[in-house]
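Here are the chains, one letter per residue:
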Amino acid sequence: MSRAETPRAGASRAGASRAGASPAGAGVRPGPLWTLGLLRSELLTTFRRWRTLALLGVLAAVPVLIGVAVRIEMDDGSPAGGGGPAFLAQVTNNGLFLVFTALAATLPFFLPMAVGVVAGDAIAGEAGAGTLRYLLVAPAGRTRLLLIKYASAVVFCLVATLVVTVCALAVGALLFPLGDPTTISGTRIGLAEGLGRALLIALVVAASLTGVAALGLFVSTLTGSGIAAMATTVGLLITVQIVDQIPQLHAVQPYLFSHYWLSFADLMRDPVHWDDIVRNLGLQALYAAVFGSAAWARFTTRDVTA
C-alpha cells in the first residue's frame, strides 16, 4: 500500500468531503451557501446516527406508554392522574392534554438527557473518531464549526420536542376524545386555539433545552472522548435536578437552568401568565451565552491533535 493510500489519508479526504471543501481550498473564504451546506451535512450526520434514532424512539414511546396506561385505567374504572405528571387527570376527557402530560413527563430527564448526549458528543466525538482536525482543514474556521455544532444541537432540541408532541397528539386522538380544552383558570377555549397553545408550548420546551445544549457543547470541548463528554453532561444534569429539589438551597435554585422548565404550564392559563416563562427563556439565553462563550474560548485555543 502506498503512502497516499494509508487510512489516515483516506480519513483526511472523508473529512474534507464532509465539510464540503478540499484541503487545497483552505485559503478560500466560505460564503453563506457553503456554511448552509456544512450545516446540512452536520444535520444529516447527526440524524443518521443509530444513537440519535434510538433516543428519538425512546422519546416517542413515552406518550404511547402514558396514553395506553391511562386508557387501561379508564377501562378498569380507576381514577387517572393520582400522583402523576401535570395534566394527567384531564387526559381521559380530552386527548389534547396528553401532549402537555407527555412534555411534563419527559422534560425533567428524558428530553434534556437526549440533548446532553447529542451536544456532549458534538466536538469530543469528532476528536475521538480522529476526524476533528480534518474538518478544520476545510475553510470553516473553528468559530464557524462551533456555531454549526451548536445550531445542530438546537435543531435536535426542536425535533426531539416535536417528536414527543406529535406522538402524544396522535395517541391522544386515537385513544381519547378531542374537544375544546379547559384551561387551568377554568375557562374553555376552542380546539384550534388549544392546538395553537400546544405548538407554542412545544416551542417553549425546545427553547428551554438550549441551555443544556450549550453546557454539553462546552463539556465536549474539554475532552477527546465522546463517552466521557456525554456522561459528564448527563451527570451535571442529574446533579442540577437534585440541587433544585433541596429546600435548603432555595437561594441558588432560581439560577439553575432547570428551575423554570415547567413554567410552560402557564401557557394553559387564561390569560397567560408570562412572568416565569420570560424568566425561563432569559435564563436559557444566559446559559447559552456563558457556556457558548466558554466553549468558544476553549475550542479556539485548543491544540487539536485528533
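Being a predicted model, the structure only gives us computed values, none of them experimental.

The rules behind the values
Residues numbered from 1 in each chain as written. Predicted model: local features only at pLDDT ≥ 70, side-chain atom pairs only at ≥ 80, totals over all residues. Heavy atoms only, no water. Helix = DSSP H or I, 4+ residues; strand = E, 2+ residues; numbered from the N terminus. Buried < 20%, exposed > 50% of the residue type's maximum accessible area, 1.4 Å probe, protein only. Contact = heavy atoms within 4.5 Å. Areas by Shrake-Rupley, 256 points an atom, 1.4 Å probe, with all protein chains shown as cover. pLDDT = per-residue confidence, 0-100. Core = buried A, V, L, I, M, F, W, Y, C linked by side-chain atoms within 4.5 Å. Axes fitted to C-alpha atoms, helices over the stretch in contact; angles between N-to-C directions. Parallel < 35°, antiparallel > 145°, perpendicular 65-115°, else oblique. Left-handed = near helix turned anticlockwise from the far one by under 90°. Nonpolar A, V, L, I, M, F, W, Y, C, P; charged D, E, K, R; others polar. 1 Å grid on protein atoms, 1.4 Å probe; cavity = no way out; pocket = protein on both sides within 12 Å on 5 of 7 lines; lining within 4 Å. Points joined across faces, edges and corners; volume = space filled by probe spheres on them. Expected span 1.5 Å × (residues − 1). Arc of directions from axis to C-beta.

## Section: the overall build of the protein
Helices and strands together make up the secondary structure of the protein, namely 11 helices and zero strands. Of the regular secondary structure in the protein, the N- to C-terminal order runs α-α-α-α-α-α-α-α-α-α-α. Taken across its 306 residues, the protein has 44% of its residues classed as buried. Sequence-distant contacts in the protein: of pairs separated by 6 or more residues, those separated by 24 or more amount to 74%. A total of about 14200 Å² of accessible surface is found on the protein, and carbon and sulfur atoms cover 67% of it.

## Let's talk about the environment of Ile-238
Within the element layout of this structure, Ile-238 appears in helix α10 (residues 226-243). Separated by 129 residues in the primary sequence, Ile-238 and Phe-109 place their C-alpha atoms 7.9 Å from one another.

## Some points on the confidence of the model for the protein
Per-residue pLDDT for the protein has a mean of 84; in total, 83% of the residues score no lower than 70. Note that pLDDT drops below 50 for residues 1-27; the model gives that stretch 36 contacts with residues more than four away or on any other chain.

## With respect to the nonpolar core
In terms of nonpolar packing, the biggest core is built from 58 residues, with Phe-100, Ile-201, Phe-257 and Phe-264 touching the most fellow members. Excluding residues that lie within four positions of it along the chain, Ile-201 makes contacts with Phe-100, Leu-103, Phe-264, Leu-267 and Met-268. By size, the runner-up hydrophobic cluster in this structure holds 11 residues, among which are Ala-122, Leu-135, Leu-145 and Leu-146.

## Details of the packing of helix α4 (residues 97-106) against helix α7 (residues 142-175)
The N-to-C vectors of α4 and α7 enclose an angle of 140°; their axes lie 8 Å apart at closest approach. In this view, α4 runs oblique relative to α7, as classed from their interaxial angle. In this structure, the crossing between α4 and α7 has a hand that is right-handed. Only Thr-161, Val-164, Thr-165, Ala-168, Leu-169, Val-171 and Gly-172 of α7 make contact with α4, whose side of the interface consists of Leu-98, Val-99, Ala-102, Leu-103 and Thr-106. Partitioning the contact of α4 with α7 into residue classes produces eight nonpolar, four polar and no charged.

## Brief notes about empty space enclosed by the protein
Rolled over the atoms, a probe with the dimensions of a water molecule shows which regions are left empty. Tallying each qualifying case throughout the model produces three cavities of 30 Å³ or more. Considered as a void within the structure, the largest cavity measures approximately 70 Å³ in volume. Along the walls of the largest cavity sit Glu-42, Thr-46, Arg-49, Val-118, Asp-121, Ala-122, Glu-126, Lys-149, Ser-152 and Ala-153, which together make up its complete lining. Counting only elements with at least two residues in the lining of the largest cavity, the list comes to α2 (32-48), α5 (110-129) and α7. Here the lining of the largest cavity gets four residues from one element, more than from any other, and that element is α5.

## As for α10
The end-to-end C-alpha separation of α10 is 26 Å, in line with the 26 Å expected for 18 residues at 1.5 Å each. Residues Gly-226, Ala-229, Met-230, Thr-233, Val-234, Leu-237, Val-240 and Gln-241 constitute the buried set of α10. One face of α10 carries all of its buried residues, which in axial projection span an arc of 125°.

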